[in-house]
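A closer look at the structure
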Amino acid sequence: MLKDLVKSEEFHLCTYVSSEDGKLWQQCVWSQRGKECTEVAKHYITVAAKPEYHPTLLNIINTVVYYSFEDAYRVLQECKECIPESKEVLELADQCMKNSTKGRFPVIVIEGLDATGKTTLTQSLQEILRGALLRSPPGCLSQWRARFDAEPPLIRRAFYALGNYISACDIARESAKSPVIVDRYWHSTAAYAIATEVGGTLESLPSSHSEVYRWPRDLLTPDLVVLLTVRPEERARRLLARGVEKTREEAELEANNLFRQKVEEAYRRIQDPACVVIDASPSKEEVLSEVLLLIQKHCNL
Ligand SMILES: Nc1ncnc2c1ncn2[C@@H]1O[C@H](COP(=O)(O)OP(=O)(O)OP(=O)(O)O)[C@@H](O)[C@H]1O
Ligand SMILES: Nc1ccn([C@H]2C[C@H](O)[C@@H](COP(=O)(O)O)O2)c(=O)n1
């Protein structure tokens, strides 16, 4: 490669000289043209303070985690030509009221990794509270989910973000009539997106007070968000017992324990509303009664 460079008509080269204490470096930029080599610039380089934000943060805000209806909407709008399904998703989004307001009944969101017991718990809660059971993304988007799952994160996550706003419309309507139980919502959208985007270990996650964990101002806020956590060995046992085909992301979660930890930690860091964390490893009955106590405490039910 260097041989090719030397053969080319003109190229730039940098040389570095360190100060005695190694804290300051002098960089000389040389330009070689034919046989002539001239110094064209001189810079001083020193170690800078650690940046306030980890560089991956720039790849998160409004590129994989969206904080307003408009930002997610705009992404799908720009995809209309190459992904025709976007038009139908946008039409559904157009029908939903922006800034949907909650009714007088409580809205309870159940979050957690796969096989932590969300379906089991949400169904029991629906029966006991005589409430409405909703999920995000809503059923009306199911037919396009696989299509958007195959797209790069920018587009895939915009689809899930819009799904939350469409679910918010249903939540607003139903919460005027009865308590509403929601299986996954914005915490899932943000936590999976952040954990996927951030490489490395748990330490690479944006710090707890980072703005990436803030709730979108225009999205209906639930009264209570419960995060179900399960010991890894119990979760593996449940997945195995269930024996259903795993999605690619689920398979990845299983293979990649670190990724699973990052998703869970991102869940825990999301604020306003923060999750109330429950150990869902005990029996179904025990988990249900613990969550019912929580609901009584937080939602005056
Ligand atoms: N508390 C519990 N104790 C033992 N088994 C449980 C408990 N809760 C759920 N299960 C079982 O674990 C399996 C996964 O539960 P469930 O389908 O409710 O999880 P999930 O979080 O909805 O999963 P996914 O997100 O992948 O759909 C099911 O076979 C269910 O019967
Ligand atoms: N509100 C939501 C719901 C789901 N997702 C994404 C996150 C995972 O990739 C996947 C998990 O869903 P499941 O397999 O449990 O149906 O879907 C999201 O981003 N936002």
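Residues numbered from 1 in each chain as written. Chains lettered and ligands numbered in written order. Predicted model: local features only at pLDDT ≥ 70, side-chain atom pairs only at ≥ 80, totals over all residues. Heavy atoms only, no water.

The criterion, for reference: UniProt positions are given in the numbering used here, feature names are shortened, and annotations may be inferred rather than shown by experiment.
Going by the annotation in an unreviewed UniProt entry, the name recorded for the protein is UMP-CMP kinase 2, mitochondrial, with Acipenser ruthenus given as the source organism. Per UniProt, the comment on the protein under Sequence similarities (unreviewed entry) is "Belongs to the thymidylate kinase family." Comment text from UniProt for the protein, heading Subcellular location (unreviewed entry), reads "Mitochondrion".

**Section: the domain arrangement of the protein**
As a reminder of what qualifies: Domain delimitation follows an automatic or database domain assignment.
Here the protein is partitioned into domain 1 (2–46) and domain 2 (55–299). For domain 1 and domain 2, the distance between their C-alpha centres works out to 51 Å.

**Regarding the pairing of strand 3 (residues 36–46)**
The test is simple: The criterion for strand pairing is that DSSP finds at least two bridges linking the strands in question. Helix numbering and strand numbering both begin at the N terminus, where a helix is a DSSP run of H or I of at least 4 residues and a strand a DSSP run of E of at least 2.
Strand direction decides the pairing type here: strand 2 (residues 24–33) and strand 3, joined by 10 bridges, are antiparallel. Note on strand 3: the bridge partner recorded for C28 is K42.

**Remarks on the sheet that holds strand 2**
The line we're drawing: Note on method: axes are straight lines fitted to C-alpha atoms, helices fitted across the in-contact stretch only, with angles between N-to-C directions ranging 0 to 180 degrees.
Read across the open sheet, the 3 strands follow the order 1-2-3; overall the sheet is antiparallel. Among the strands making up the open sheet, the edge pair consists of strand 1 (10–18) and strand 3. Each strand axis lies, on average, 20 degrees off the axis of its neighbour in the sheet, ignoring direction. Direction of pairing for strand 1 relative to strand 2: antiparallel, over a ladder of 9 bridges. When the sheet's bridge partners are listed, E10 is paired in strand 2 with R33.

**Some remarks on the pattern of salt bridges**
Where side chains of opposite charge bring their charged atoms close, a pairing between them can arise. Here is the rule: By definition, a salt bridge exists where a carboxyl oxygen of Asp or Glu is found within 4 Å of a side-chain nitrogen of Lys or Arg. Accessible area is worked out with a 1.4 Å probe on protein chains only. A residue is then buried under 20% of its type maximum, exposed over 50%, and partly exposed in between.
For the coordinates displayed, the defined rule picks out 18 salt bridges. Between D114 and R235 there is a salt bridge, and its shortest N-O distance comes to 3.1 Å. A residue pair is termed long-range when its members are at least 10 positions apart, and D114 in the loop between strand 4 (107–112) and helix 4 (118–129) and R235 in helix 8 (residues 232–242) qualify at 121 residues. For the salt bridge of K177 with E174, the shortest nitrogen-to-oxygen distance reads 3.5 Å. Since its relative accessible area comes to 17%, E174 is described here as buried. Within this structure, D170, R173, E174 and K177 form a network of salt bridges that share partners.

**Some details on the sheet that holds strand 6 (residues 180–183)**
Taken together, the 5 strands give an open sheet; going across it, the order is 5-6-4-7-8, and neighbouring strands pair in parallel fashion. A single partner strand is all that each edge strand has here, and the edge strands are strand 5 (132–135) and strand 8 (276–279). Across the sheet, the mean angle from the axis of one strand to that of its neighbour is 25 degrees, orientation sign disregarded. Where strand 5 lies against strand 6, 4 bridges are found, and the strand directions are parallel. When the bridges of strand 6 are listed, L133 appears paired with I181.

**A few points about the nonpolar core**
The test is simple: Take the buried residues of types Ala, Val, Leu, Ile, Met, Phe, Trp, Tyr and Cys, join any two whose side-chain atoms come within 4.5 Å, and each joined set is a nonpolar core. Any two residues whose heavy atoms approach within 4.5 Å are treated as being in contact.
V65, L162, Y185 and I194 are the most contacted members of the largest nonpolar core, which has 62 residues in total. The element that contributes the greatest number of residues to this core is helix 6 (residues 153–174), accounting for 12 residues. Apart from residues no more than four positions distant in its own chain, I194 is found in contact with I60, V65, L205, P206, V212 and Y213. Membership of the second largest hydrophobic core comes to 18 residues, among which are I110, L129, L288 and I295.

**Some thoughts on the packing of helix 7 (residues 186–197) against helix 10 (residues 257–269)**
Note the threshold: Orientation labels follow simple angle bins: below 35 degrees gives roughly parallel, above 145 gives roughly antiparallel, 65 to 115 gives roughly perpendicular, and whatever is left gives oblique. Left-handed is the label given to a crossing in which the near helix is rotated counterclockwise from the far helix by less than a right angle, and right-handed is the label when the rotation is clockwise. All amino acids are sorted into three groups, where Ala, Val, Leu, Ile, Met, Phe, Trp, Tyr, Cys and Pro are nonpolar, Asp, Glu, Lys and Arg are charged, and the leftover types, Gly among them, are polar.
Running from N to C, helix 7 and helix 10 cross one another at 135 degrees; their axes reach a closest spacing of 8 Å. Between helix 7 and helix 10, the angle falls in the class oblique. Remark: the crossing between helix 7 and helix 10 carries right-handed chirality. Only F259, K262, V263, A266 and Y267 of helix 10 make contact with helix 7, whose side of the interface consists of H187, S188, A191, Y192, A195 and T196. Here the contact of helix 7 with helix 10 is composed, by residue class, of 7 nonpolar, 3 polar and 1 charged.

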